[in-house]
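Observations on the three-dimensional arrangement
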Amino acid sequence: MSENNADETAPPPAADDVTAAVENLELSPNGSTDFPNQPFLAEMHQKRSETHSKLRAYEAKRRTAYESKLQSSSLYWRAFRTLMHDSLLETQKADALLRGWTHASEVYEMNMRSVGEWCIDEKGVPVTDAKKKKKIFDAQEASAAVGGIGGGDGAKTFLAAAGYTTEEKCGSMIKSLSNSASNVANQYSDMIKTMNGEVLPELSSLLEQLKSEVVVMEKLGDSIMHELEMAEEEVRSAWLLYYNKAMDFCGSSPSDIKTKQAGARVGAPVDPNAVVLGCTDVWVDEMRYRMAVAFLSSIWEKCSSELSKLFLSMKDAECNRRNRIKELLIKATQRQERLWLGLPGAVNPILKDLIEWPMERKVVEDDVQSSIRARAQSIQRDEAEHKKADDSTVKAAGLTGVNLKDGNFELSSPLVSELMSKAKVIEKRGTGLMSTWKVTLAIVTEDSFLQIFDLPSSCKLHPGSAPEVAFQNLIPPVVVPSLEGIKGGVKIPSAKSWFDNLAPTESFVLSNCTVSIKDAAAKDPNTFELVEALSGKMMARTRKMQFRAVTREEAMDFVEALKKSK
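Residues numbered from 1 in each chain as written. Predicted model: local features only at pLDDT ≥ 70, side-chain atom pairs only at ≥ 80, totals over all residues. Heavy atoms only, no water.

1. Some thoughts on the pattern of salt bridges
Where we set the bar: Should a side-chain nitrogen of Lys or Arg be within 4 Å of a carboxyl oxygen of Asp or Glu, the pair is scored as a salt bridge. Each helix is a run of DSSP H or I of at least 4 residues and each strand a run of E of at least 2, with the numbering of both proceeding from the N terminus.
Scanning all chains against the criterion turns up 37 salt bridges. The shortest N-O distance in the salt bridge between Lys 331 and Glu 198 comes to 3.8 Å. Taken as a pair, Lys 331 in helix α8 (residues 282-339) and Glu 198 in helix α6 (residues 171-250) lie far apart in primary sequence, 133 residues in all. As a salt-bridge pair, Arg 236 and Glu 232 come within 2.7 Å of each other at their nearest N and O atoms. Of the two residues, Arg 236 and Glu 232 both sit in helix α6, four residues apart, roughly one turn of that helix.

This is the structure:
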């Protein structure tokens, strides 16, 4: 761009030429060389350049730091979820194992009892069916009545088996063997009663409780991670809106910028029916970006607290689960040991391992932590193998080529933004017959806009209150998923609803407005009126709004700010 006749010779950048817009905003810190003989535009350009450069650096640093935190939390949570599922699977396996073990014992007990009762068919298979056993008992009675083998025809099928009880040659050896089978059946019956009465119900209850806890914890953890991701998405969306608006503004030629501000300067002739086109207010989008960052910070703080409580709750549940499973397995194994006293080699190693299983809380917590870390590393490796080469590249508008160190500052309130000129809590009233005075927050921006924010009905502020206090009343409390809320079915509001009151109720383009204040001798000397020229298809239209300050001095001060910002 040449220094002479820059406004006339330099063509405006194309709408999609972001590079030219960035250079226009960021490579001209002095402003004076781009706007010769236009000190106001030069000063405005310089301020915008400094503010925009700081915000770019801040967003680049914030995004880099937050992506690392979010990825770490997401990785930890996914590892956490796999641990919960494996804990549930382990409990299900323990439950299935002991139930299968008990069922096998029941089958063995019935067969051994049938052997002890001589309910055995010709093939030597124990008979456990009640009707068939009755037939055998009847055959045994018939055999005893006739003095041995060869009883009635109805008992032919089982006479051989039934006759064994009366064979003298078998003697006491056979009877003792038969009695031992009954004794074994009785021992199994006692063991089965213990399993069905003391072990299996508690294990089933533990399993159902764990299933419920896993569902709740998964729902809570997923909700928290979703909130963090949505909050980050809001910040990125707000940044893109601000960046595009800033680029659109600074991408305009000096003559276009001058035209936008035309009629908005003190002393310039104003045609109330003339409409200045292309007016835009960067502050509104900058304000939304700043508040999106504030919302994300609040969400992150609260969600981190909830995640910490969730992880602690899970560790407690895991410690309790392992302790309870240990107790139940020891009880079942000890009962089996009593049953299998003749087979100590099959029981003692298991019992020894169970007893020596360390259950100190510190040891269990370290084991859980190590397991989560190992799972996280495994997930990370798996994702790295399937990740595309360009997936890790951060693509965001205006965030490339910035110095992250320049973003090392705290993002302050929108009310201290250099894109804002004046903020005041005053009263407004429309021109309708039924219109009444309402307390509102009025903000004059550097882009020659008057932004009106209606305060919530719950707000008890009055004219003259601090603007920062009024602005805080536009911000609802931050609500994040919690364990109590998930259990109580509390619906978590969307992150988008947090910004509902941060959108201006009304906006006035000051370049298209005339402002007048009543005389000092009038009835309401602290009242002033704003008239905005609006474009129409058939004819020109206007919009009027009355405002009232606490004192005439405050009214005149605000009117002066409106005129200067035009």
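2. Side note on the packing of α8 against helix α10 (residues 361-386)
Rules: All axes are obtained by fitting lines to C-alpha atoms, using only the stretch in contact for helices, and the reported angles, taken between N-to-C directions, cover 0 to 180 degrees. For any helix crossing, the convention is left-handed if the near helix is rotated counterclockwise from the far helix by under a right angle, and right-handed if that rotation is clockwise. Note on contacts: a residue pair qualifies if any of its non-hydrogen atoms lie within 4.5 Å across the two residues.
Following both chains from N to C, one finds α8 and α10 inclined at 115°, their axes separated by 10 Å at the closest point. As for the relative orientation of α8 and α10, their crossing is right-handed in sense. Along the contact surface, α8 presents Leu 312, Lys 315, Asp 316, Glu 318, Cys 319 and Arg 322, while α10 presents Arg 361, Val 364, Glu 365, Asp 367, Val 368 and Gln 369.

3. What about the nonpolar core?
The criterion, for reference: The definition of a nonpolar core used throughout is a set of buried Ala, Val, Leu, Ile, Met, Phe, Trp, Tyr and Cys residues joined through side-chain atoms within 4.5 Å. Per-residue accessibility, obtained with a 1.4 Å probe over protein chains only, is compared with the maximum for each type, and a residue is labelled buried under 20%, exposed over 50%, and partly exposed between these values.
Core analysis: the largest hydrophobic core is formed by 80 residues, its most contacted members being Leu 228, Tyr 289, Leu 441, Phe 471 and Leu 502. At the level of elements, α3 (39-116), α6, α8, α10, β1 (420-429), β2 (438-445) and α11 (467-472) are the ones that each hand at least two residues to this core. Per-element tally for this core: the top contributor is α8, with 19 residues. Setting aside residues no more than four positions away along its own chain, Leu 502 makes contact with Met 287, Met 291, Phe 453, Phe 471, Leu 474 and Ile 475. Formed by 18 residues, the second largest nonpolar core is a distinct cluster that contains Ile 426, Val 515, Val 559 and Leu 562.

4. As for the sheet that holds strand β7 (residues 541-548)
Strand pairing within a sheet occurs via backbone hydrogen bonds; the two strands may be parallel or antiparallel. The criterion, for reference: In this description, strands pair whenever DSSP reports at least two bridges between them.
Sheet architecture is open: seven strands sit in the order β4-β3-β2-β1-β7-β6-β5, paired in antiparallel fashion. Every interior strand has two partners, whereas the edge strands, β4 (506-509) and β5 (513-517), have only one. Sheet twist, expressed as the mean angle between neighbouring strand axes with direction ignored, is 30°. Alignment of β1 against β2, held across eight bridges, turns out to be antiparallel. Note that in β2 the partner of Glu 427 across the bridge is Val 439.

5. Re the pairing of β7
Taken together, the three bridges between β1 and β7 define a ladder with antiparallel strand orientation. For Lys 428, the partnering residue across the bridge sits in β7 and is Phe 547. One ladder, built from eight bridges, connects strand β6 (residues 527-534) with β7; its direction is antiparallel. Along β7, the bridge assignment pairs Glu 532 with Arg 543.

6. Quick look at unusual backbone geometry
Despite not being glycine, Trp 118 has its phi angle at roughly 60°, a positive value. Tracing the backbone shows Trp 118 in the loop between α3 and α4 (130-146). In this structure Trp 118 comes out as buried when scored by relative accessible area, which is 16%.

7. Overview of the environment of Lys 69
In this fold, Lys 69 is placed in helix α3. Distance in space between the C-alpha atoms of Lys 69 and Trp 300 is 9.8 Å, their sequence separation being 231 residues.

8. A look at the environment of Ser 565
Relative to the helices and strands, Ser 565 is located in helix α13 (residues 552-565). Looking at Ser 565, the relative accessible area reads 9%, which means it is buried. Each C-alpha atom, one on Ser 565 and one on Met 420, is 9.9 Å from the other, the two residues being 145 residues apart in sequence.

9. Observations concerning the packing of aromatic side chains
Centre-to-centre distance and the angle between the planes together describe a pair of aromatic rings. Put simply, the rule is: Aromatic contacts are taken between Phe, Tyr and Trp rings whose centres are within 6.5 Å, Trp giving its six-membered ring; a plane angle under 30 degrees counts as stacked, one over 60 as edge-to-face, and the others as tilted. Whether a charge sits over a ring depends on NZ of Lys or CZ of Arg being within 6 Å of the ring centre and within 35 degrees of the ring normal.
In the structure shown here, the tally under the stated rule is 15 aromatic pairs. Linked through ring pairs, Tyr 76, Trp 77, Phe 80 and Phe 311 together constitute an aromatic cluster. For Arg 288, the ring lying beneath its charged end belongs to Phe 499, and the centroid distance is 4.4 Å. Over the ring of Phe 508 we find Arg 543, and its NZ or CZ is 3.9 Å from the ring centre.

Just distances and angles here, no functional claims.
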